[in-house]
Every structure is written in C-alpha cells, then in structure tokens.
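# An overview of the molecular structure
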Amino acid sequence: MNWEAVIGVEVHLRLKTEHKLFCRDRAVFGAAPNTHICPVCIGLPGALPVLNAHAVELALQTALAFGCRINLDSTWARKSYFYPDLPKGYQITQFEKPIATDGRVIFSSSEDKGLVGIRRVHIEEDAGKLLHDKALGASAIDFNRAGTALVEIVTEPDLRTPEDVRSFLGELKQTVEYIGASDCNMEEGNLRVDANVSVRPVGSLELGNKTEIKNVNSFSGIEKALSLEIRRQLSLMKEGGLVNQKTLLWDDHRSELREMRSKEESNDYRYFPEPDLHPLVLSQGQVTAALDSLPELPRDRRYRFKKTYELKDYDADVLTQTATTADYFEDLVGINVDPKVAAKWVTGPLQALMNQHREDAQSIPVRPEIMGELIRLVERGVVSESAAKTVMVILAEDGGSPSDIIEARGLAQERDLGQLTDWVTEVLAKYPEEVSRYRDGELKILGYLVGQVMNSSGGAADPKIVRNLLIDYLNDS
Ligand SMILES: [Zn+2]
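All values reported here derive from a predicted model rather than from experimental measurement.

Time to look at the overall build of the chain. From N to C terminus, the chain includes 15 helices and 16 strands. Its C-alpha radius of gyration of 30 Å places the chain more than 25% over the 23 Å reference for a compact globule of 477 residues. The dimensions of the chain, computed from C-alpha atoms along their principal axes, are 95 × 55 × 55 Å. Considering only contacts in the chain between residues 6 or more positions apart, those separated by 24 or more positions represent 69%.

Below, the structure is given as structure tokens:
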C-alpha cells in the first residue's frame, strides 16, 4: 500500500509596524527588557486598546497578495489562556470573522507547480517572552514583545511532502518581503511556523489523526521535524497502530520532537467577542487602495524576467530573490547593459560582494551606474573580468570611479603586442614538452599555456590576444 502525508501549515508573521498593535509603544527587537511597555500591553486594569491602522493596512496587503477574499466586517475576540508571558490572561485575536479567507499560494515544487489554499488570514497580538536560565534555576519575563502586531496565515491541508512545505514557505516569505509587510527575520522570531500532519493511504479521502508540530523557526527545522513525524506515523500505521492526537515541540538544537507537557496544552480558549474594541470595518475604497499599492509580486516578476530578458530559470530565480536585487538588475538594463551580461554580473561577482559585505542590492556602495561603467570597460577590453572583480572590491570599500582605480592600481589589461609576444615566447621556451604535445594533436593543452602566460603577466594580459598569439606560434614552426 502507498501512503501519503497530509500537511497544513500555520504561519505567524510579525508585521513591520513602528508601534505595537493596540498601544503606542515601539515594536522593537533586542532592546533592554521591559523598556517598551505600557498599561495597555501589560494588561493593567482599565487600560484600553486602540487599533494601529498601519497594522491593518499591512495585513490587508498580505491577504490581497495571496488572492484572499476580504471581509469588510471582521471582529476581534479574546483568546483566554494562562501563561506567564501573557500579562492580560488573554490574547486579542480574530476568531469567528477574520479579516480575510479563501486565498492561495502558488509555489514551484520539485515536479511542477504546487498550489496551497489559504483558509484564513487574521490579525492578532503577540505574547511576551520568557527567558529561562537553567544554571540559576530561574525564569524572567520580557514584555517588550507583548502586544506587537502579528498576522497569522492558515493553509488548507493541501501539502504532501516536507520539501513542498519548504518551497511553499519560501514563496510565502518572498512575497511578504516584496510587499514589505514583514521582514520575516526568522532568527528574531518574525516568522514562526506550526504544522499539522497526518498520514493516509494514497487515494483515501479521509483524514487520519493528526499531530501538531509547534515552535519551529527555521525552514530546515520544519522540513526535518515533518520528515521525522511522518516516518513515525507511517511505522505506527503499518504496524496497525493508531496515531494519537497530540502537540509536539520541535527542539532545533537536538533535532528532535518532544511531546508537549499536558499543562502546556490548552484547547479550551473560551473565545468571546472583545468588548473593548469595535468590529473592524473596512471600506471597499481601502481594499482597492491596498490592492493598487501592491508591487509586482515575485512570481510575476520572475515570469516577466524570463520572457522580457530571455533569462534562464536559474538567473530569473536568483535575480528576483529580493526586490532590491531585481531592481538593481533592471537599473543596469536601463542604462543599456545587455540583460544577459547584467544577469551574469549581478548573480556572480555582485552577489559575492554583497555576501562578503553583508549588504543587499540597495545598500551595496557599488551602485548600478558605476557597475555599468565597469562592465563597459570589460567589454571594451580595457580591464579583464578578474581584474574587474578587484576593482569592485575597491569600489565597495573606498568608492571612486572604475577608470581611476584601474589607472591608479595598474589594473589595465595589457594589449601591447610587443609585451604580449615577450610573455608568449618566454612560456613556449619554458614548456617544450607541452608545446610538442600540442603539436602532436593534444589541442586542449592550449588552455594550460594561456594560463601560464596569464600568470607571467600577473593577470594583466588580454587572454583573447594571448590565445591567438599562442595559436599562431604553435602552428607556425
Ligand atoms: Zn504598550
């Protein structure tokens, strides 16, 4: 019998708002504990929440980017549970009527296109953060995070493999980054993933008992956790056993799942309408404005790059990884750099430089106009590709103009025939064995000889001219 997994995912994203969801405290990461708190977010009696309009806008854009149906009337609810990081004893969320439902995410799976339905998108506030010090045997609470704005995206159980879950999350993250609704920084907990998983015989329409995996904040973590859990459920089912519904916590350090202690579990949230807030009412005009404000989304941009610039899939994928890289590429094309040449420089040397300097395409000091100048110097043969990479490093550190740097550092490509001929004859004299092997028909040894001439010239020789000179000499005598 063939089996398949049925997976649904819940993603929490921290919205990129300056302030928290219901008060004027700044939403910050890494500040001294409990320095961004007020009566509202630590739940003092009588403090009243006031909704942050920017959070609603960002949630709306997120929902629209995934093609959701927007509910013009949505409501707030209290989700009650007791936990030390939840000062009010309840979380304000959306339950019966969320802001949006019925969306979809299209992602590339290993075989072709995958499609995941989005059941709902809702806005809610985050809890504080507990910090445990095992050595001291003590715990402390930081409420800076309490009340910050989240959006939760709940999918239909449409996913079948851990790899697809990862691809789906990649597409989701990229889209949210494009619209700027969240920075999705996983180390800071700005994108957190829970997953429900069950297994069933292929072809069956019934759903098996599912388990819930919580607490995952890396893509590799969710993939590993799901693979382990699917394997565990499969071996249980194949032995005729039953999967018990339970909640599992992912331990990233040990790469293992452990069962949540029962007191950590709480399925009775006693939801009821939040009496301190009006229902959230949106106008059709607000929805239209949010839709109009959406930028071109990653999958559309990828498609356009392939069509318009005739790029390979790989190049289009890498170039559209972030909106800023895609913009950089299009800026180069805009100043008449050939798209394929621009793609090569952006995905290769520029990407390497950005990684090295921990900068993105927006902040890297080598701006497109300067990069365009340098590319033109390479095309005109003034500087070799490898020397141009050295120029890029200098540009990133000290700024300046490519031609000045080439001049000042003596990086210009040597094209003087007299000088090149000297290097070529020197190398031919030094490698008589290779010369006779070439003349005996081993033509590929030419590359080796070109390399030797390049070495003798300290990388300055124009490789095309060297190559032609070598061929002339080798075929001559
Ligand atoms: Zn506050």
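Next comes the rest of the write-up.
With 2 bridges joining them, strand 2 (residues 69–70) and strand 6 (residues 100–108) adopt antiparallel strand pairing. Its bridge partner lying in strand 6, Ile70 is registered against Ala100.

The next point concerns the packing of aromatic side chains. In this structure the tally under the stated criterion is 9 aromatic pairs. Each ring, one from Tyr431 and one from Tyr448, has its centre 5.7 Å from the other, and the planes form 85°; the classification is edge-to-face. Of this pair, Tyr431 sits in the loop between helix 12 (417–430) and helix 13 (432–439) while Tyr448 sits in helix 14 (residues 445–456), and the two are 17 residues apart along the sequence. Note on Tyr448: relative accessible area 39%, which makes it partly exposed. An aromatic cluster is built from Tyr81, Phe95, Tyr269 and Tyr271, whose rings are joined through pairwise contacts. Its end group placed over the ring of Tyr90, Arg78 keeps NZ or CZ at 3.9 Å from the ring centre. Lying over the aromatic face of Tyr269, Lys79 brings its terminal NZ or CZ to 4.4 Å of the ring centre.

Let us look at the pairing of strand 12 (residues 211–216). Bridge count for strand 11 (residues 191–201) against strand 12 is 4 bridges, and the pairing is antiparallel. Residue pairing in the sheet places Val197 in a bridge with Thr211 of strand 12. A crossover links strand 12 with its parallel partner strand 13 (residues 247–251), the connecting element being helix 3 (residues 219–238), and its sense is left-handed.

Here Glu407 lies in helix 11 (residues 402–409). By relative accessible area, Glu407 is classed as exposed at 67%. In sequence terms Glu407 and Glu124 are 283 residues apart; their C-alpha atoms lie 59 Å from each other.

Attention now moves to the sheet that holds strand 2. Read from one edge to the other, the open sheet built from 9 strands follows the order 2-6-7-10-1-11-12-13-14, with strand pairing classed as mixed. Among the strands making up the open sheet, the edge pair consists of strand 2 and strand 14 (256–259). Bridge analysis of strand 1 (residues 3–14) against strand 10 (residues 149–155) gives 5 bridges, and the strand direction is antiparallel. Looking across to strand 10, one finds that Glu10 is bridged to Val154.

To continue, consider the coordination of the zinc ion. Six octahedrally arranged donors around a metal ideally form angles of 90 or 180 degrees; four tetrahedrally arranged donors ideally form angles of 109.5 degrees. Coordination of the zinc ion by the protein involves Cys23 (SG), Asp25 (OD), Cys38 (SG) and Cys41 (SG), with metal-donor separations of 1.9 to 2.3 Å. If you look at the zinc ion, its 4 donor atoms make angles of 96 to 118° with each other, and the shape they trace is tetrahedral. Here the donor residues of the zinc ion are spaced in sequence according to C-x1-D-x12-C-x2-C. One end of the pair, Cys23, is in the loop between strand 1 and helix 1 (53–65); the other, Cys41, is in the loop between strand 1 and helix 1, and 18 residues separate them in sequence.

This model, assessed by the stated rule, comprises 1 cavity of 30 Å³ or more. Here the largest cavity defines a volume of roughly 60 Å³. Lining of the largest cavity is provided by Cys41, Leu86, Pro87, Lys88, Tyr90, Gln91, Glu125, Asp126, Ala127, Ala146 and Gly147. Partitioned by chemical class, the residues of the lining of the largest cavity number 6 nonpolar, 2 polar and 3 charged.

Of the volumes computed, that of the second largest pocket is approximately 630 Å³. Every element with two or more residues in the lining of the second largest pocket is listed here: helix 2 (162–179), helix 7 (323–334) and helix 8 (339–357). Top element by residues in the lining of the second largest pocket is helix 2. It accounts for 6 residues. Grouping the constituent residues of the lining of the second largest pocket by class yields 6 nonpolar, 11 polar and 8 charged.

By the assigned domains, the chain splits into domain 1 (3–289), domain 2 (296–409) and domain 3 (417–475). For domain 1 versus domain 2, the distance between C-alpha centres works out to 37 Å. When the buried surface of domain 1 facing domain 2 is broken down by residue, Glu171, Gln174 and Tyr178 rank first, second and third, together holding 66% of it. Across the domain 1-domain 2 interface, the total number found is 1 salt bridge. We note a salt bridge from Arg302 to Glu171, for which the minimum N-O separation is 3.0 Å. Scanning the region where domain 1 abuts domain 2 turns up 5 residue pairs in polar contact (both at pLDDT 80 or more). Of the residues in the side of domain 1 that touches domain 2, the class split is 4 nonpolar, 2 polar and 1 charged.

This part covers helix 5 (residues 298–309). Between its terminal C-alpha atoms helix 5 stretches 16 Å, which fits the 16 Å expected from 12 residues at 1.5 Å a residue. The elements touched by buried residues of helix 5 are helix 2, helix 6 (313–319), helix 7 and helix 8. With its phi angle positive at about 55°, Glu310 sits one or two positions after the end of helix 5.

Within the largest apolar cluster, 67 residues are counted, with the highest numbers of intra-cluster contacts made by Ile7, Val9, Ile99, Val121, Phe168 and Leu169. It is helix 1 that contributes the most residues to this core, 8 residues altogether. Beyond its immediate chain neighbours, meaning those up to four positions away, Phe168 contacts Val9, Val105, Phe107, Val116, Thr155 and Leu159. Counting 38 residues, the second-largest nonpolar core is a separate cluster that includes Ala326, Ile375, Leu395 and Ala396.

Scanning the entire structure with this criterion turns up 29 salt bridges. Two residues, Glu310 and Lys340, come together in a salt bridge whose shortest N-O distance is 3.8 Å. Highlighted residues: Glu310 in the loop between helix 5 and helix 6 and Lys340 in helix 8, separated in sequence by 30 residues. Judged by its relative accessible area of 45%, Lys340 is partly exposed. It is possible to trace a salt-bridge network through shared partners that takes in Glu296, Arg301, Arg304, Asp327 and Glu330.

Quick notes on the rules
- Residues numbered from 1 in each chain as written.
- Predicted model: local features only at pLDDT ≥ 70, side-chain atom pairs only at ≥ 80, totals over all residues.
- Heavy atoms only, no water.
- Helix = DSSP H or I, 4+ residues; strand = E, 2+ residues; numbered from the N terminus.
- Rg over C-alpha atoms; globule rule 2.2 N^0.38 Å.
- Contact = heavy atoms within 4.5 Å.
- Pairing = 2+ DSSP bridges.
- Phe/Tyr/Trp six-rings, centres within 6.5 Å; stacked < 30°, edge-to-face > 60°.
- Buried < 20%, exposed > 50% of the residue type's maximum accessible area, 1.4 Å probe, protein only.
- Lys NZ or Arg CZ within 6 Å of the ring centre and 35° of its normal.
- Right-handed = clockwise from strand over helix to strand, strands pointing away.
- Donors = N, O, S within 2.8 Å, 3.2 Å for Na, K, Ca; no water.
- Tetrahedral: all angles 85-135°; square planar, octahedral: opposite > 155°, others 65-115°.
- 1 Å grid on protein atoms, 1.4 Å probe; cavity = no way out; pocket = protein on both sides within 12 Å on 5 of 7 lines; lining within 4 Å.
- Points joined across faces, edges and corners; volume = space filled by probe spheres on them.
- Nonpolar A, V, L, I, M, F, W, Y, C, P; charged D, E, K, R; others polar.
- Domains from an automatic or database assignment.
- Buried area = accessible area lost by both parts, 1.4 Å probe.
- Salt bridge = Lys/Arg side-chain N within 4 Å of Asp/Glu carboxyl O.
- Polar contact = N/O pair within 3.5 Å; in protein donor to acceptor, adjacent residues only side chain to side chain.
- Expected span 1.5 Å × (residues − 1).
- Core = buried A, V, L, I, M, F, W, Y, C linked by side-chain atoms within 4.5 Å.

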